Structures are given as C-alpha cells and as structure tokens.
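Observations on the three-dimensional arrangement
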Amino acid sequence: MDAVVNKFGIGQPVRRVEDQRFITGHGRYVDDIELPRQTHGVLLMSLHGHARIKSINTEKARKAEGVLAVITAKEVAEDKLGILIPIMPEDFGAPKGYRASRPLLASDAVRHVGDRVAFVVAETEAQARSAAELIEIDYEPLPAVTTIAEATKDGAPKVWDDNPGNIAFVMMMGNKDAADAAFAKAKHVTRLTLTNNRVSANSIEARAAIGDYSADSDSYTLYTTSQNPHGVRSQIAGQILHVPETKLRVVSPDVGGGFGMKGGPYPEDALVLMASRRVGRPVRWSSTRAEALQGDSHGRDQVVSGELAFDENNKIIGIRAQSMHAVGSHVTGAAFATSMFSVKLLSGVYDIPAGVIFAKAVLTNTSPMAPYRGAGRPEATYLVERLIDKAAAELKVDPVELRRKNFIPASKMPYTNTSGVVYDSGDFAKVTEECLKLADHKGFAARRKQSEKNGKLRGFGLAYFLEEAAIFNDRMDLRFDPSGQVTIVAGTHSHGQGHATVYAQMVSDWLGVPFDNIRFIQGDTNEVPIGRGTYGSRSMMVGGNALRRAADQIIEKAKPMAARMLEASADDLEFKNGNFGVVGTDKAIPLTKVAQAFYAPMFLPPEFGVGLEAAGTFAAEPPCYPNGCHTCEIEVDRDTGVVSVVRYTAVDDVGRVMNHMLAEGQVHGGVAQGLGQALMEQIVYDPSGQLLTGSFQDYAMPRADDLPSIEGDMVEIPSTTNPLGVKGCGEAGATGAPPAIMAALLDVLRPYGITEIDMPATPARVWAAMHKH
C-alpha cells in the first residue's frame, strides 16, 4: 500500500475532517437554516407539576400583533393528528404494562412542568412569545409525585387516573430459585441501596425544528436536531400525520451532541409541520436553555437495592437486585431500554453462578425519560461495583484482589451471565493489570502522603464495567461518480463521533481511494435510502461492518470491468492496494479508473450497468461487549467538602480500534459526563412538581478545570461477533467514571465511619457527611 493511503488508513490517528468547519463557524445546524418567508413558533408549557385543564382561552393571543396561528389540543384533534406511541416491553413478549403515550398538546390535564399546552406561530419569535403570555388557562392544581418513593407509596396520587400504583411496566431476568438457594448457603452477604441521580443531557446545541409544508406536492420537510432521522420520519409519518413516509422528508444536518436525548421525536417536531400546513409558510421552533431543562427528556433516576452472596473463599455465588426506574409523566420512545440493559448486565464482569433482578418503571410528575449515554449499562455497573467495594470493606480484603478473584476468566469465553446474556470475548484481568500499571497504582501511597502534607485527603478508586453495544441492522452505500471519487451514504448518524473521518479511513484502506476523494452524506431521508441512526454505541459495529460489505461488493462488481480493460480473465485478477492486477505480471489498473469506465456514455457492454455503487447491510445479531477498567484519584478538602479529581486512568477494550484519537476522545467525553453525574449534576423537583434546577445557575455542569489530564490506552481484544472485530466505545467513559469516582471518595470517607454516600457528591453533601459524627 502506498504511503498516501497508509497515512490515512485504518488505525491511523487522523484528525477529524469535520472540525475545520466547526471551529471556523461553517457548521450548518438547524438554527442556521433560514427558509424564505419563515415564521416562528413558541411553545406554551405548563407551569404546574400536575393540574386539570378546566379551560383554555386563546382569543387575546389570536388577535395579538403578528400572530398567524394559535394551536391547542382542539386544533390538533380537528386536523386528526395522532399521538406519540412508545415501545414497551410487552411488544417483545413481556407482561402487559401501562402505555402512557404522549399527545402533541395536553387536553385534559398537564402532568409535569414543561408539558406542552399550546403552540403560537407569529412573524417573529418575540411576537410569538408575547402572544403566548396572553393565553388564559384555568388550571385546577392536583397532587403531584416527583420521586420514586412518593409515587410508589400506598395510596399515592395517580399520574394517570386509570393507573393506580403508577407502575408503567415490570421486567425480570435471571433464576430466582437458584439465586435464593445461593443466598441460603452464603457465608457472607453484602447489601446496598443506591440512588442514581436524575440528570439532563444538556447538549451544546439545544433542540430546534423547522417544518415546511409543500401544498403542490402535499408533502412535508422537517429539519430537526435528531440522532435518528429515519426513525423520526417513521414515527411522525405513521403515528401523527398518517401519511406515507415518502410524503415526509427529515433532514438532520450538523447536530451538536445527542447522548440519547435526541433519539426520537418530540411534540414540537410534529407541531411545526402542522403549523406550516395551517399558515402556508415554514415554521421554526428553537428551544431556550430553560425550556430544554424542563422539556428535554432526562436520564437515569433509579433507586436500586442489591446484594451479593459470598462463600467461605470470598467467591461470589449469587446476586439479587430490585430496581425502580422513574420514566416521568409519559413513556416515550425507547425509554424502556434503560431498564432492559440494567437487568441484562446485572452481574457485570464477574463469574457469578446465580442471580435475579426485578425492575419496575415508575410514572412520576416529571419530564419524561430517555436513554442517556449508557442507558442502563451505567446503572448496572454502578450497582455491582459499589457492592464489590462495600463487600471488600466488610470482608477486610483489598477491593482489587476481590475483583481479581471473581473476574470471569478469559478461558471461559464465550460466557453466559446470570441474565442469559452471552459475552463473546474479554480478558478482564489483563485490562485491569494494564490500567493499574498505567495509573502507577504502586505510587499511590506516596501521593497520598504528599496530599496530606498539603492539607488534603486523597483516595483511590477502581471500577470495571462491561456494556452491551450495538442494536438493530443498518445499511451503508458506496457510490462512485464519473470522476472516480466515491461517496459514503451512511445510515448511521454522526453528531460528534467523527464518522466522516473514520469511515473515510476505512474506505481509503479497503479500496485504495485517496482519503481526500471521499465524500460523506448522512442525515437526509431523501438522500439516504434507510438508516437507524446512532445510539447505543452501534455505529462502528453495525455501520462499519455494513460499509465493509459494500466495499467488498464494489470490488466484485468492478472486477469484470477491470478484466475487460486489462484484456485478461477475471479469474486471473487480484485486488491489492487500490489496484486490480493480473497475477504474475506488472499489468494493473486503479479502481478509480475502472469506476470511471462504468460511466461511458456509449458502447458500454450490456452486462455492465451504468455507474458503480453498492449497498452493504449488517445486523448486531449478536451484539458486542466493550469493557474497561477505570481508576481515579481524588482529593477532598476537609474544611469545605470540595472533591477534586486529580488523576484519572482509563484502559478500554473496544476491540479493534479504527482511529485511536477518535476512540480516546469518545472515552474522554464520557468521563466528563460521568464526573458531572458523580459530583455535581442533578435535576431536582419540589414536592408540588416545580423544577428547582431550571437554569445553569441551579444545575451545575462540569467545566474544563474540573477534569485532570486523562491517561488512557486501549487493549485490543477483537470481538468474535463481527468480521471487523470491533466493539463500541461511545458510552465507556460515562459508564466507568461514576463508580470509579465514588469508590475513590469512599476510600477517603471510610475512616470517618461513612460507608455509603449517594451521587452527586456535592461539597455540601460531603462536608455534612464528614461532620455528622
């Protein structure tokens, strides 16, 4: 392979080609799009956590300056629009639950602060906001439940009148009889109850949508900040508009972060389309940060009780857990996935012969939930890792040694866990050793002494995580143009991952096409035939392997044309370094030249079609299991309770790595989010349902100076579930960081008699715990 291709091939740390646009202000986000005659829409959101709507008077708003339309549930019903229907466990054979579907606008009651009540369209955003304030609503306040504990009490107020108990669905995995038998013979049992705090994704780009109805074709175009444009099209066309999908084009251009929160449609995505049809002009809606905090889907919010059973040799023989996940006022999109993955991965990386977990999804008068970076994997990891640490303290053994004793050995792969999930590969002991070496664990005692000299308390924590990554199938297309350049048409969707870079590296490596001659298209349902989007660390496994199949098809399709041009038999050709060559000779021709021949305007042999393109598909059946060991060192100021992360080391097994720079960047970003959840982030409602963390003055976000320089490395243990041997990496940091940080904190707090503390470990919480005794 020549030096030019090598420089940009697989494994090279190629800088992201997208970043040049972004850092020079040439990105194209939804809010950058200005359509001719564009109008502006504003949502009127509920100010009540729970209330009955007795009446809505929009007369003054309709007469306000610049107003073009005021839409309430009445108008939605007149237009015969549908509701957003979620996926439920019962759709896959689980017990029937309560499908709390989401209307575009509330009609009879509002069920959380931020619930959508009306949509006002005007010539300017300011006019629309002024008019929205003129809408008169007669509310009858109702009792609210904002926490899992309140919602599950006997006789608790009902979020939905016909659903006493507020349970949306239940799930169970494992073998209860086997788990109970293990606990009956245990020599030691460790028990723990934990809270996984509710957080907001707070993507750097707030959500936005533009609807444009075309009367001449009776069709719609939606520009939206989505991770999954084809999924949005399917739901809105099928559930809301009741039109064929070909009547709705969805465009998700540059998207500034998603983290699961932008995985599905919101009511406003459909409202801008409805409003555009009514006013005959494009309608734009853009979220403010305050609207985002109350109206975006939140993440986490779990209360879980778990226990580990040990034999006389400190081997784990059983695990049991009962968890409850808040899902908010409505079940939305794939919110059930968080509960599903938390039960599937209960036992983590440990060789546990028996286990069972029960999970309940609880409706509350809060914003609906969505999968948030990791979606159940962080919850499962947090529980088992905290249990291991507490058990080590109770058994008076080193927590690292307790893990080593109980790791699933590499020789047992493939391994079936307590929930019936089959791990294909992994060497957890090896990854741990690499992490401890990189973290200079042996030097920790000296660093602790130095911290003490500086008046700080230093702690060390380790966590090991495992995820299930990738889901569904997908399609990737490769299309050569008449000049010999190639375009990647991606069914996945990049919103910070760097797909335009890494996919081009792969194609350049496989086909020998110069890196700069590769274009990348995504996020437009009129240009991408089908796609599933990006979430669940799926793009490299599903999209990457589909792309490999497309590349292989290109070579096979091009070979007969190359044989004709070289005046040789196709059986005598080999493809190497971007060229077709006749074996045993120096006769060769580049693939790019062969591709150009497919566009000859005449005298093209009948066995060849015009153009050279291919579509590859791949399914995550089975998925892959990325894993990693993270260590953390923290310093605590005993006078203020401030926790500072001073060292962080991450060694991850994400299978074969296509671009180390991008993979490490994904880990770093996840660690930042995990640190935010561990130390500062939390969505808080008061008992009436009022949001107390409605701005960044109240909701703390991590900043650059909250993180140390992160040391990292990759241990490449190829996955056996896909030809490329890759595993996902997008959610690693967010899964590993919370338990590692909290383990380090508890290492500091145990001498104070503190064995449990919940996230977020704010200075006030830490100080109060240290000074309680």
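Below is a summary of the structure that appears in this document.

Considerations on the overall build of the chain
A tally of regular secondary structure across the chain gives 21 helices and 30 strands. Here the C-alpha atoms of the chain give a radius of gyration of 28 Å, agreeing with the 28 Å that 2.2 N^0.38 yields for 773 residues. Dimensions of the chain, computed from the C-alpha atoms along their principal axes, are close to 90 × 70 × 55 Å. Sorting the 773 residues of the chain into buried and exposed places 59% on the buried side. Approximately 29500 Å² of the chain is accessible, and the part contributed by carbon and sulfur atoms is 51%.

Side note on the pairing of strand E21 (residues 473-480)
As paired elements, E21 and strand E27 (residues 613-619) share 7 bridges and run antiparallel to each other. When the bridges of E27 are listed, Asp 477 appears paired with Ala 615. Sheet analysis places E21 next to strand E22 (residues 486-490), joined by 5 bridges and oriented antiparallel. Residue pairing for E22: Met 476 is matched across the bridge by Ala 490. If you look at the hairpin formed by E21 and E22, you'll find 5 residues sitting between the two strands, and Gly 484 has a positive phi there, around 95°.

Quick word on the packing of aromatic side chains
For the structure shown, the criterion picks out 16 aromatic pairs. When the ring of Phe 8 is compared with that of Phe 515, the centres are 4.8 Å apart and the planes differ by 10°; the resulting orientation is stacked. Taken together, the positions of Phe 8 in the loop between helix H1 (3-7) and helix H2 (19-23) and Phe 515 in the loop between helix H16 (499-511) and strand E23 (518-521) put the pair 507 residues apart, joining distant regions of the chain. Using a relative accessible area of 7% as the deciding quantity, one classes Phe 515 as buried. When the centroid spacing of 5.4 Å and the interplanar angle of 65° are considered together, the rings of Phe 428 and Tyr 464 count as edge-to-face. Of the two residues, Phe 428 is situated in helix H14 (residues 428-438) and Tyr 464 in strand E20 (residues 457-466); the sequence distance between them amounts to 36 residues.

A short note on the sheet that holds strand E2 (residues 51-57)
The antiparallel open sheet is built from 3 strands, whose spatial order is E4-E2-E6. Only two strands of the sheet have a single neighbouring strand rather than two, namely strand E4 (109-110) and strand E6 (136-141). As paired strands, E2 and E6 are joined by 6 bridges and run antiparallel to one another. By the bridge assignment, Ala 51 is partnered in E6 with Pro 141.

Digging into the sheet that holds strand E13 (residues 283-286)
Ordered by their spatial adjacency, 7 strands build an open sheet running E3-E5-E1-E13-E10-E11-E12, and the pairing between neighbours is mixed. Looking at strand neighbours, the two that pair on one side only are strand E3 (67-71) and strand E12 (248-251), the edges of this open sheet. Pairs of neighbouring strands in the sheet enclose a mean axial angle of 20°, with direction left out of account. Here 4 bridges tie E3 to strand E5 (residues 116-122), and the two strands are oriented antiparallel to one another. Paired with Val 70 across the strands is Val 120, a residue of E5. Packing of helix H5 (residues 125-132) onto the sheet brings it into contact with strand E1 (39-45), E3, E5 and E13, and relative to E1 it is tilted by some 30°. Contacting strand E11 (219-224) and E12, helix H8 (residues 229-241) runs over the sheet at an angle of about 145° to E12.

Observations concerning unusual backbone geometry
Of all residues except glycine, most have a negative phi; of all peptide bonds, most are trans. Note that the residue after Glu 621, namely Pro 622, is joined by a cis bond; omega there is 10°. Position of Pro 622 among the secondary structure elements: in the loop between E27 and strand E28 (627-636). With an omega of -5°, the peptide bond between Met 759 and Pro 760 qualifies as cis. Here Pro 760 lies in the loop between helix H20 (732-749) and helix H21 (763-770).

Observations regarding the nonpolar core
Formed by 107 residues in total, the largest nonpolar core has its most connected members in Tyr 648 and Leu 745. With 10 residues, the single largest contributor to this core is H20. Core analysis: the second largest hydrophobic core is formed by 54 residues, Ala 550, Ile 589, Leu 591 and Met 658 among them.

A closer look at the environment of Val 542
Counting through the fold element by element, Val 542 comes out in helix H17 (residues 539-566). On the basis of relative accessibility, which here comes to 0%, the residue Val 542 falls in the buried class. Beyond its immediate chain neighbours, meaning those up to four positions away, Val 542 contacts Ala 470, Ile 471, Phe 472, Asn 473, Asp 474, Phe 618 and Ala 620.

Structural notes on the pattern of salt bridges
Applying the stated criterion across every chain, the model contains 47 salt bridges. A salt bridge links Glu 34 to Arg 284, with the shortest nitrogen-to-oxygen separation between them at 3.2 Å. Note that Glu 34 is positioned in the loop between H2 and E1 and Arg 284 in strand E13, a separation of 250 residues in sequence. Its salt-bridge partner being Lys 176, residue Asp 180 comes within 2.7 Å of it at the nearest N-O pair. Placement of the pair is Asp 180 and Lys 176 together in helix H7 (residues 176-184), with a separation of 4 residues, close to one helical turn. A relative accessible area of 25% means that Asp 180 is categorised as partly exposed. One connected set of salt bridges, linked through shared partners, spans Asp 440, Arg 447, Arg 458, Glu 633, Glu 635 and Arg 647.

A word on the environment of Gln 38
On the secondary structure map, Gln 38 appears in the loop between H2 and E1. Residue classification places Gln 38 among the buried residues on the basis of a relative accessible area of 9%. C-alpha of Gln 38 to C-alpha of Val 397: the two residues are 359 residues apart in sequence and 66 Å apart in space. If sequence neighbours within four positions are ignored, Gln 38 has contacts with Ile 33, Glu 123, Ile 210, Arg 281, Pro 282 and Arg 284.

Scoring rules and cut-offs
Here, residues in each chain are numbered from 1, in the same order as that chain's written sequence. In view of the model being predicted, local features appear only for residues whose pLDDT reaches at least 70, and side-chain atom pairs are presented and counted only at 80 or more, with totals across whole chains, interfaces and linings using the full set of residues. Heavy atoms throughout the structure, all of them, feed into the side-chain values; hydrogens and water do not. Each helix corresponds to a stretch of at least 4 residues labelled H or I by DSSP, and each strand to a stretch of at least 2 residues labelled E; elements are numbered beginning at the N terminus. Radius of gyration here is computed from C-alpha atoms only, and the compact-globule reference equals 2.2 Å multiplied by the residue count raised to the power 0.38. Only protein chains enter the accessibility calculation, which uses a 1.4 Å probe. A residue is then buried if its area is under 20% of the maximum for its type, exposed if over 50%, and partly exposed in between. Using a 1.4 Å probe, the Shrake-Rupley method yields the accessible areas, and only the shown protein chains count as cover for residues. At least two DSSP bridges between two strands are needed for those strands to be called paired. Classification of ring pairs uses Phe, Tyr and Trp, with its six-membered ring standing for Trp, and accepts pairs whose centres are within 6.5 Å; under 30 degrees between planes counts as stacked, over 60 as edge-to-face, and the remaining range as tilted. Lines are fitted to the C-alpha atoms to define the axes, a helix being fitted only along its stretch in contact, and any angle between axes, read from their N-to-C directions, falls within 0 to 180 degrees. Residue contacts follow a heavy-atom distance rule, with two residues in contact if any of their heavy atoms lie within 4.5 Å. What is meant by a nonpolar core is a set of buried Ala, Val, Leu, Ile, Met, Phe, Trp, Tyr and Cys residues, joined one to another through side-chain atoms within 4.5 Å. Definition used for salt bridges: Asp or Glu carboxyl oxygen within 4 Å of a side-chain nitrogen of Lys or Arg.

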